[in-house]
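Descriptive analysis of the structure
Residue strings, one per chain:
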Amino acid sequence: EIPDLAHPLIAESPTPDTELRFEYLFVDKQNADEHIVNPEGELAIASWASIEVDAPYVFRDSKVGAGSEDNFGVAEIALKLAHGLSQSALIGGGLELGLPTGNDTKEIGSNNELVIEPFIDFGVKFKTFEVITFLGFGIPINQQSAEEREAKDLELEYNVAFAYWFVPSTRFILEFDGESVAIGDDNEGVVNLTVGFIGAPSGDVPLEIGGGISFPITADKEFDN
């Protein structure tokens, strides 16, 4: 009795799924361009639980003359749980680990910091309209420098996603995602807006294809688009 909620572009679906997902992202930053190839797999181990793993690989082209670098980014493994409130609503949560698979020298992720992130989420559907919300509490550990430790001890990550099925097999996506430091000296807060779509080319094949664009709507930002 757990409703099947659609997958947004940025947020995770709160429904435990078995799926393979492949993401390609082009990120325009002030000091670099990044191309990110991110394979992701999720396995439902029960109707109410799944395990998810993703391992992004980042190609970084500096705009300040430092050349090109590539490395694994922050790999993540997560346990996702869900409980159906009705045929159209669910509440869930779980635990995600951000692993130190990056490289500080290349400015791609981190090779020392481990992030423990418990999270809660909620989803509801109204006929052709769906809403998904997410709130995570990122706790970084094993930071190497005093500056890193003072910058953040608890980071909030949040997302609100809206999906509208304008035809039976295709949905329009509107998402707001952001992060801020709740405990620490870093006072920056970022909110991004994403618009796009996801659709199924054929009803006979279990395949969906989507795309979108994200850009910051706050003065603080991690990328331009």
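Residues numbered from 1 in each chain as written. Predicted model: local features only at pLDDT ≥ 70, side-chain atom pairs only at ≥ 80, totals over all residues. Heavy atoms only, no water.

Before going further, it helps to spend a moment on the environment of Asn-159. Of note, Asn-159 is situated in strand β10 (residues 154-167). Residue Asn-159 is classed as buried on the basis of its relative accessible area, which comes to 5%. The spatial distance from the C-alpha of Asn-159 to the C-alpha of Pro-206 is 26 Å, given a sequence separation of 47 residues. Those residues in contact with Asn-159, other than ones at most four positions away along the chain, are Ile-10, Ala-11, Ile-132, Thr-133, Phe-134, Glu-175, Phe-176 and Asp-177. (Helix = DSSP H or I, 4+ residues; strand = E, 2+ residues; numbered from the N terminus. Buried < 20%, exposed > 50% of the residue type's maximum accessible area, 1.4 Å probe, protein only. Contact = heavy atoms within 4.5 Å.)

Looking now at the pattern of salt bridges. Within the structure shown, the criterion is met by nine salt bridges. One salt bridge in this structure joins Glu-23 and Arg-21, with 3.4 Å as the shortest N-O distance. In this pair, the class of Glu-23 matches that of Arg-21, namely buried. Residues Lys-63 and Asp-28 are paired through a salt bridge, measuring 2.7 Å at the closest nitrogen-oxygen approach. Remark: Asp-28 occurs in strand β1 (residues 19-28) and Lys-63 occurs in the loop between β4 (57-62) and β5 (68-72); sequence separation between them is 35 residues. With relative accessibility at 41%, the residue Lys-63 sits in the partly exposed group. By sharing partners, the salt bridges in this structure join Lys-29, Glu-34, Arg-60 and Glu-107 into a single network. (Salt bridge = Lys/Arg side-chain N within 4 Å of Asp/Glu carboxyl O.)

Under the definition given, this model contains four aromatic pairs. Pairing Phe-119 with Phe-134 gives two aromatic rings, centres 5.4 Å apart and planes at 35°, and the pair type is tilted. Here the residue Phe-119 occupies a position in strand β8 (residues 114-126), and Phe-134 occupies one in strand β9 (residues 129-141), the gap between them amounting to 15 residues. Take Phe-119 and Phe-134: they sit in the same class, and that class is buried. Plain terms: the ring middles of Phe-129 and Phe-162 are 6.2 Å apart, the flat faces sit at 25° to each other, and that makes the pair stacked. Here Phe-162 lies in strand β10 and Phe-129 lies in strand β9, a separation of 33 residues in the sequence. (Phe/Tyr/Trp six-rings, centres within 6.5 Å; stacked < 30°, edge-to-face > 60°.)

This paragraph deals with the pairing of strand β7 (residues 89-98). Relative to β7, strand β6 (residues 76-84) is paired through nine bridges, and the arrangement is antiparallel. Across the sheet, residue Ala-78 finds its bridge partner in β7, namely Glu-96. Taken together, β6 and the strand that follows it, β7, pair antiparallel across an intervening segment of four residues. Direction of pairing for β7 relative to β8: antiparallel, over a ladder of 10 bridges. Paired with Gly-94 across the two strands is Phe-119, which belongs to β8. (Pairing = 2+ DSSP bridges.)

This part covers the side chain of Asp-177. Note that Asp-177 resides in strand β11 (residues 170-183). Buried within the structure, Asp-177 lacks any salt-bridge partner; Arg-21 is the closest side chain of opposite charge, at an N-O distance of 12 Å. Setting aside its immediate chain neighbours within four residues, Asp-177 contacts Ile-10, Tyr-158, Asn-159, Val-190, Val-191, Asn-192 and Thr-194. (Lys, Arg positive; Asp, Glu negative; His and termini not counted.)

A one-sided burial pattern is seen for β4, the buried positions being Val-58, Arg-60 and Ser-62 and the unburied ones Tyr-57, Phe-59 and Asp-61. As paired strands, strand β2 (residues 32-46) and β4 are joined by six bridges and run antiparallel to one another. Along β4, the bridge assignment pairs Ile-36 with Val-58. Across five bridges, the pairing between β4 and β5 is antiparallel. Looking at β5, one finds that Arg-60 is bridged to Glu-69.

Before going further, it helps to spend a moment on the environment of Tyr-24. Considering the arrangement of structural elements, one finds Tyr-24 in strand β1. By relative accessible area, Tyr-24 is classed as exposed at 51%. Taking the C-alpha atoms as reference points, Tyr-24 and Ile-209, 185 residues apart in sequence, are found 12 Å from one another. For Tyr-24, the contacting residues outside a window of four places in its chain are His-35, Ile-36 and Val-37. Of note is the side chain of Tyr-24, whose polar atom sits 2.4 Å from the side chain of His-35. (Polar contact = N/O pair within 3.5 Å; in protein donor to acceptor, adjacent residues only side chain to side chain.)

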